[in-house]
Structures are given as structure tokens and as C-alpha cells.
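# Chain and residue survey
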Amino acid sequence: MTKNKRDWNEIGKAPTGIPGLDDITYGGLPAGRPTLVSGGPGSGKTLLGVSFLVEGAQRFNEPGVLLSFEENADELAQDVRSLGYDLHKLCEEKKLLVDYIHVDRSEIEETGEYDLEGLFVRLEHAINEIGAKRVMLDTIETLFGGLKDTGILRAELRRLFRWLRDRKMTTVVTAERGENQFTRQGLEEYISDAVISLDHRVHEQISTRRIRVVKYRGSTHGTNEYPFLINRDGITVLPVTSLLLEHDASSERVSTGLPALDDMLAGRGYYRASTILMSGSAGTGKTTLSAHFVDAACARGEKCMYFLFEESPQQMIRNMKSAGIDLKRWVDKGLLTFHADRPNRHGLETHLLEMHHAVEMNDPDVVVVDPITNLMAVGTQTDVRSMLTRVIDFLKTRGVTALFTSLTSSSATLEHTEAMISSLMDTWVLVAFDTVEAQRTRHLFVLKSRGMPHSDTVVPFKITSQGFTLLPVPARSVRSKSRGPQTARRPK
Amino acid sequence: MTPAASEQFDLRLYVAGQTPKAARAFANLRKICDEHLAGRYSIEVIDLVRNPALGRGDQILALPTLVRRLPTPIKKIIGDLSNTERVLVGLDLRPRRASA
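Residues numbered from 1 in each chain as written. Chains lettered and ligands numbered in written order. Predicted model: local features only at pLDDT ≥ 70, side-chain atom pairs only at ≥ 80, totals over all residues. Heavy atoms only, no water.

Once that is clear, we can look at the side chain of aspartate 47 of chain B. Residues and elements named next belong to chain B. One can find aspartate 47 in strand E2 (residues 41-47). Here aspartate 47 sits buried without a salt bridge, and the closest side chain of opposite charge, arginine 50, lies 4.1 Å off (N-O distance). For aspartate 47, the contacting residues outside a window of four places in its chain are Val15, Ala16 and Gly17. (Helix = DSSP H or I, 4+ residues; strand = E, 2+ residues; numbered from the N terminus. Buried < 20%, exposed > 50% of the residue type's maximum accessible area, 1.4 Å probe, protein only. Lys, Arg positive; Asp, Glu negative; His and termini not counted. Salt bridge = Lys/Arg side-chain N within 4 Å of Asp/Glu carboxyl O. Contact = heavy atoms within 4.5 Å.)

As C-alpha cells, then:
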């Protein structure tokens, strides 16, 4: 860390204000120098650059000039309105200046020696007009389509980047990715301070945006590819939190919502800010058990967020009402917020980022994800694990108690999935069916619970119109106990 | 498309300061106009160093740039205008050859 601190001072960084990007660059883009942002069509280059300018103008008191070669001011304003940016207002306030440069080869005849001094004059004029500290060139390579003499163009671009450096402009230069190089015209040759690459790829029909800091002269930076999201809140790059095991461990306990289950957990329930996995096959009552937990939390006046990936909130409320749990009153009181989404609507990162945003907006005490297994189907195993680690870390740091339900079947692959995430969970409760004498009975079992003595008993229960009822352990159940419920085995 | 022989030519020459390139462009332009547009042209020289805001209106990027404002449509010719043939083509005073 001390090394990073020193680099900060040596280099001088201009924060982008984009959550996550300033973390992986340890503070932002190189101040007073150009940064190349390269990517394919639709990869988010322009949005990243505009965010950098808007955030600079709004939060860091650094006005910006946008020299656009592709879209005019109105089109750009339209593009970024969905991110919550009002370019017109910023322009009126003289915090931003958009100059649209239109070059059409068919309109231009070249008749001898020329230079791009006109571009320099316009840029300088714009910079002086608003006292700009930041500049964005989007996309300057368009000039190669407009002017025939590439020799002049290259020499002038070299001069332009030097000129921007001399004026200490923190500049974002966007460029289309070329074959085997970061830009079509090899701009990376002129901009060697920092190169950021954006990517948009599809895995199993689900697209994920990724960002990588390819190069950052004179500074340490995260070298991995990081997923990022563009939504109504702008751009967010993961990780938005550090991956360190340094959150506080609370010794406070919270009720599971069922006194009998509290009893099984040393009589006092879960730890606050811990993670709970509730797993079982379909129809065992995982959701009902989660609803009990939420109901109890709301009754204590705590805020809860319930992420649904299987049902709509209305359906959930109706179903729980039949089990005697009135969730609607908590929704009406503003204590319970539902967040329902189809798992396959986005990639895993997008889901987790959306959860992230929702949690930051609502600041809940309790979060339920039902079921986490549906999300796990939309990413590869490594992705899932690293994402879950980040989300859990985030929730724990915020002191949120998080409950995840997991749908299992008797097949080995799903147990494997569970084994993958179980290490991230502090408490693991299994619910299962057992068939005894043509009668299906439900069982509940605490597989593990870190930091507390917990019951080892397999407890039968019923779901009635009053919700979960844990039954006394039958003395004769030696046979069924020795065999154990199907899914209540610790996976290898 | 070649403008009629009577049409008035309204030309603007954009430059940045008194550079040799600008002076060359102006001299070349005067010579071409006197030869081909005698009595029916006007030239306005705009120095962007003095009036930087004027560069936006005509979308000026390269310098020097000659803009034919009249007759319409607007034409732009960049460079020091040393290639007379190309200037004449650019001003629509000579038909564009297929190979050009």
C-alpha cells in the first residue's frame, strides 16, 4: 500500500468519479496526460469518456471540453440522458463545452500543404472559454476517413497529443479497436501514458462488459479484466469493494424468526452480519423459512431487501399469506423491499451490480437472495465464486445479515455447486423431505454454524397455515435418522 | 453542375496568423481568381488566431481552408492551393475527371 501512496503523489491522478474504475487505477487517470480508451463498437467508450467529463465538472470542479467527431451536441446529450447526465445544463453553466467537428471527404478537396491548426485553434478557444482541465476526443480516428494525407494527419496528431500534455489537459481519447492492435490507426504509438481496453462479449447468450487497464505508465494498476455495468446510475466497474477479509465480526444475534430454530442455534439465532445458506430441494419450504426470518426482522423495525429470482413479489406475498406470514404490511410500512428479476435477463455481474446498487440505495439490515442457485446458472463457476465473494464481502462490510436459498436436487452436480459456495457461508441450514411409510415428512438440519455450538439433530417440521412448526424429535426415528434425509449429507 | 459564367463567387480563406503557408495560399488564390473569375469574386480572409470563434461555423479543421460560400453548395478546399488544377476542380470551374 505504501508503494501505491507514493505513486499517487508522483503521478498525480484525475479521478474519473466512476465507481470501481478509480479503485483499479488507484485514483484515476494520469492527470494532465492523455489516456487511450479503446474498444469495439458499442463497448461503452463514449459513455466512459462523457462520464469522466461530467463527473469532473460536477464533482471535482474540472470543466471539460468534448471534441466530438461523430455526434453533435444534441445527439450526445440524448445518448447520456439515460445515465442521468444533463449535458445541456452543464453547457449552460459553462462547465462543459461540446464542439462537434464534422469531416466529410466528399466535401473537401486537398490542394497542397496544410496542417490541422484549425483544430488546435478551436480546441484552445474552447479550453479558454470555460477554463477546462479535461478534454475528450471522440473519436479522432474519424479524421483518417476525412483526410487523404495520412502523413500530415499522423504528424499533426503527434503534435496534438504533445500540445495537450503541454497544457496539462487530462485527456480521454477514444478509439475503435483495430486488428491485432488497440486502435485502427495505431494511436497507441502516440498515447503511451495509459491505455484502457473495453470489451463486450457474449457467453451463453448473455453479454458482459469488461474493462482492463492495459497500461499505466508510472503507476500500479489492477491488471485483471473487470466486469462493468452501464445503467441508469452511469458506469460502475467491479470490484466496487476491496477483496479483503477485514470486516468486523458482530457478536450480536438475530432471531431466525422461529424460536425452535433459534434454539438449535445455541438458543439465539444467527449472528448479525453473517451469511446463511438455506438449501433444499424444490418445495421443502426454503422460501417460507426465509419469510419467517424477514418477518421477524421487520417486526424488530429493521429494513429488509428480498431479491426474488423465481417468483413475482405479488406471488410471494400471496403464498406466504397462506402460510400465515403477512409480508404486505412490511412492504406498506416501507420496511420490506422486493427486487424481482429474471436470472437470464443479464449476466451474473449485472445482477450482482444491480444488487449492489439496490443495497446502497435502500441500506437494508437484512438481505435475502432467493434462490442464489438461479443466478449461478448464468455464469461460469469461477465467475460465480468471485462475484459471490465480492457481494458477500460487501454485505458483511455493511453489517448486513444475508440469507441465500439454494435449490438442490439429488444430483451430484448441484451438490458440487453448493460445496463451492458453502465456504462463504457462516451458517448452513438444510431442509429436506424424507419418505417414511408412504408419508413425506420435512426435516430441518443445521449442517454448520460458525462460532456457536449448534444442534446436530434432524428436526421434523410441518408447514401449516401458521407457517413453520417444528415438531418434537420422535423417539422412534432411529431408523430414519440413521439413514438420514436424502440431501442432508455433507457433500464431498 | 458547373456554375454559370456570370455567377458571383463569395470566397473565404481561413488562416491562422501570418504564416508562410497562409501567404502562399492567398497569393495562389488571387492568381487563380484573377485568371478565372475576373471581376466576379470577393475574398474574405479570416484569421482564426484573432477570431477563433469563427472556426466553428464553417467547420474548419485544416488550415488554410478555402470555403466557397457562393454559389451554393458550399465547397471546401484545404491546403496552400498550390495545385491549381485541383483548386479549379474544387471550385467547380473544371469538371472532375473520373480518375480524380
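Moving on, there is more to tell.
Before going further, it helps to spend a moment on the interface of chain B and chain A. Taken together, the 28 residues of chain B in the interface contact 27 residues of chain A. Interface area for chain B against chain A, summed over the two sides, is near 2,300 Å², with a carbon-plus-sulfur share of 53%. Looking only at chain B, the three residues that lose the most surface to chain A are Arg56, Leu61 and Ile78 of chain B, adding up to 33% of its buried area. Linking chain B to chain A there are five salt bridges. Counting the contacts that link chain B with chain A gives 16 residue pairs in polar contact (both at pLDDT 80 or more). Only helix H1 (20-36), helix H2 (54-57), strand E4 (75-78) and helix H3 (84-90) of chain B provide two or more residues apiece to the side of chain B that touches chain A. Classifying every residue of the side of chain B that touches chain A gives 14 nonpolar, six polar and eight charged. As paired elements, strand E6 (residues 108-110) of chain A and E4 of chain B share three bridges and run parallel to each other. (Buried area = accessible area lost by both parts, 1.4 Å probe. Polar contact = N/O pair within 3.5 Å; in protein donor to acceptor, adjacent residues only side chain to side chain. Nonpolar A, V, L, I, M, F, W, Y, C, P; charged D, E, K, R; others polar. Pairing = 2+ DSSP bridges.)

This part is about helix H6 (residues 117-130) of chain A. Turn by turn, an α-helix covers 3.6 residues, leaving residues three or four places apart pointing in a common direction. In a regular helix each residue adds 1.5 Å, so 14 residues correspond to 20 Å; H6 of chain A covers 20 Å between its end C-alpha atoms and thus fits that length. Here H6 of chain A has its buried residues at Gly118, Leu119, Phe120, Val121, Arg122, Leu123, Ala126, Ile127 and Ile130 of chain A. In this structure, the buried side of H6 of chain A is in contact with strand E4 (64-68), strand E5 (96-100), strand E7 (134-138) and helix H8 (150-166) of chain A together with H2 of chain B. Where H6 of chain A ends, the next residue or the one after it, glycine 131 of chain A, has phi of about 65°, a positive value. (Expected span 1.5 Å × (residues − 1).)

The next thing to look at is the sheet that holds strand E16 (residues 304-308) of chain A. Residue and element names in this part refer to chain A. Strand order across the open sheet formed by nine strands is E17-E16-E18-E19-E15-E20-E21-E22-E23, with mixed pairing between neighbours. Both outer strands of the open sheet, strand E17 (336-340) and strand E23 (467-470), are each paired with one neighbouring strand and no more. Taking the axes of each pair of neighbouring strands and ignoring which way they run, one obtains an average angle of 25° across the sheet. Taken strand by strand, helix H11 (residues 313-322) contacts E16, E17 and strand E22 (459-464), and its axis lies near 125° from that of E17. Those strands touched by helix H15 (residues 381-397) are strand E15 (275-280), strand E18 (366-370) and strand E19 (401-407), and its axis lies near 150° from that of E19. (Axes fitted to C-alpha atoms, helices over the stretch in contact; angles between N-to-C directions.)

We now examine the confidence of the model for chain A. Residue and element names in this part refer to chain A. Confidence along chain A averages 84 in pLDDT terms, with 89% of residues attaining 70 or more. Across residues 1-9 the pLDDT falls below 50, and counting only partners more than four positions away or on other chains, this stretch makes nine contacts in the model. A low-confidence stretch, residues 476-492 (pLDDT under 50), is modelled with 23 contacts involving residues beyond four sequence positions or located in other chains. (pLDDT = per-residue confidence, 0-100.)

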